[in-house]
Amino acid sequence: MISTVQDVTFRFEAEDNLRKHLRELEALNIVSATLRKADTIGEMVEILLDETLKALDLKDGAICLHDPDEDELFMAARRGWLTQLDVVMANCVIPGASRNGRNILANQ
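Residues numbered from 1 in each chain as written. Predicted model: local features only at pLDDT ≥ 70, side-chain atom pairs only at ≥ 80, totals over all residues. Heavy atoms only, no water.

## Points about the environment of Arg79
Step number 1: For Arg79, the location among the structural elements is in strand β2 (residues 72-79).
Step number 2: A C-alpha to C-alpha distance of 8.2 Å links Arg79 and Leu49, two positions 30 residues apart in sequence.
Step number 3: Residue contacts for Arg79: discarding those within four places in its chain leaves Glu46, Leu49, Asp50, Leu53, Lys59, Asp60 and Gly61.
Step number 4: Side-chain polar atoms of Arg79 contact the side chain of Glu46, separated by 2.4 Å. (Helix = DSSP H or I, 4+ residues; strand = E, 2+ residues; numbered from the N terminus. Contact = heavy atoms within 4.5 Å. Polar contact = N/O pair within 3.5 Å; in protein donor to acceptor, adjacent residues only side chain to side chain.)

## So, the pattern of salt bridges
Step number 1: Scanning all chains against the criterion turns up five salt bridges.
Step number 2: Asp16 is the salt-bridge partner of Lys20, the closest N and O atoms lying 3.5 Å from each other. Here Lys20 and its partner Asp16 are both found in helix α1 (residues 9-37), four residues apart, which amounts to about one turn of the helix.
Step number 3: Across the pair Glu46 and Arg79 runs a salt bridge whose closest N-O atoms are separated by 2.4 Å. (Salt bridge = Lys/Arg side-chain N within 4 Å of Asp/Glu carboxyl O.)

## Here's the deal with the pairing of strand β1 (residues 61-67)
Taken residue by residue, a regular strand's side chains alternate between the two faces of the sheet.
Step number 1: Sheet topology places β1 next to β2; seven bridges connect them, and they run antiparallel. Within the sheet, the bridge partner assigned to Ile63 lies in β2 and is Ala77.
Step number 2: Hairpin connection, β1 to β2: the antiparallel pair is bridged by four residues, and Asp71 has positive phi, about 50°. (Pairing = 2+ DSSP bridges.)

## Side note on the nonpolar core
Step number 1: Among the nonpolar cores identified, the biggest contains five residues, and these are Val45, Leu49, Leu53, Ile63 and Ala77.
Step number 2: Here this core takes three residues from helix α2 (residues 41-56), the largest share from any one element.
Step number 3: Those residues in contact with Val45, other than ones at most four positions away along the chain, are Ile63, Leu65, Ala76 and Ala77. (Core = buried A, V, L, I, M, F, W, Y, C linked by side-chain atoms within 4.5 Å. Buried < 20%, exposed > 50% of the residue type's maximum accessible area, 1.4 Å probe, protein only.)

## Some words on unusual backbone geometry
Step number 1: Not every positive phi belongs to a glycine, and Asp57 is a case in point at roughly 55°.
Step number 2: Among the secondary structure elements, Asp57 is positioned in the loop between α2 and β1.

## Brief notes about a negative patch on the surface
Step number 1: There is a patch of like negative charges on the surface, built from Asp69, Glu70, Asp71 and Glu72.
Step number 2: By the element assignment, Glu72 lies in strand β2.
Step number 3: Relative accessible area serves as the criterion here: at 33%, Glu72 is assigned to the partly exposed category. (Patch = residues over 30% accessible without salt bridge, like charges linked within 9 Å, V, L, I, M, F, W, Y side chains within 5 Å. Areas by Shrake-Rupley, 256 points an atom, 1.4 Å probe, with all protein chains shown as cover. Lys, Arg positive; Asp, Glu negative; His and termini not counted. Charge placed at Lys NZ, Arg CZ, Asp CG, Glu CD.)

## What about α2?
Step number 1: Given a rise of 1.5 Å per residue, 16 residues ought to cover 22 Å, and the 22 Å separating the end C-alpha atoms of α2 matches this to within 8%.
Step number 2: All of the buried residues in α2 are Val45, Ile47, Leu49, Glu51 and Leu53.
Step number 3: A positive backbone phi angle near 55° is found at Asp57, which sits one or two residues after α2. (Expected span 1.5 Å × (residues − 1).)

Coordinates in, geometry out; function isn't part of it.
Following this line, the structure appears as structure tokens:
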């Protein structure tokens, strides 16, 4: 009797990565097509948030935009528990986020 054993872990991981990448491309295509239909920045932000949450399988999230006149961030769209925040809490609080044109996430 002759038997062979082959580890197919790499193949399964590659297929899983391919499926994830395909989902990302599908989400990007949906967002792109939908954003072309939007007439205002407000509509675009709402669509972008909905599609991003759907792609990431999340219920809660927010998108903050920068107001150059006030030099602060404001919550342009929100879903889930974030919608229950008071109007006073509508400003996004990220220390140093809008200081001197620095990168918001990397603080550079």
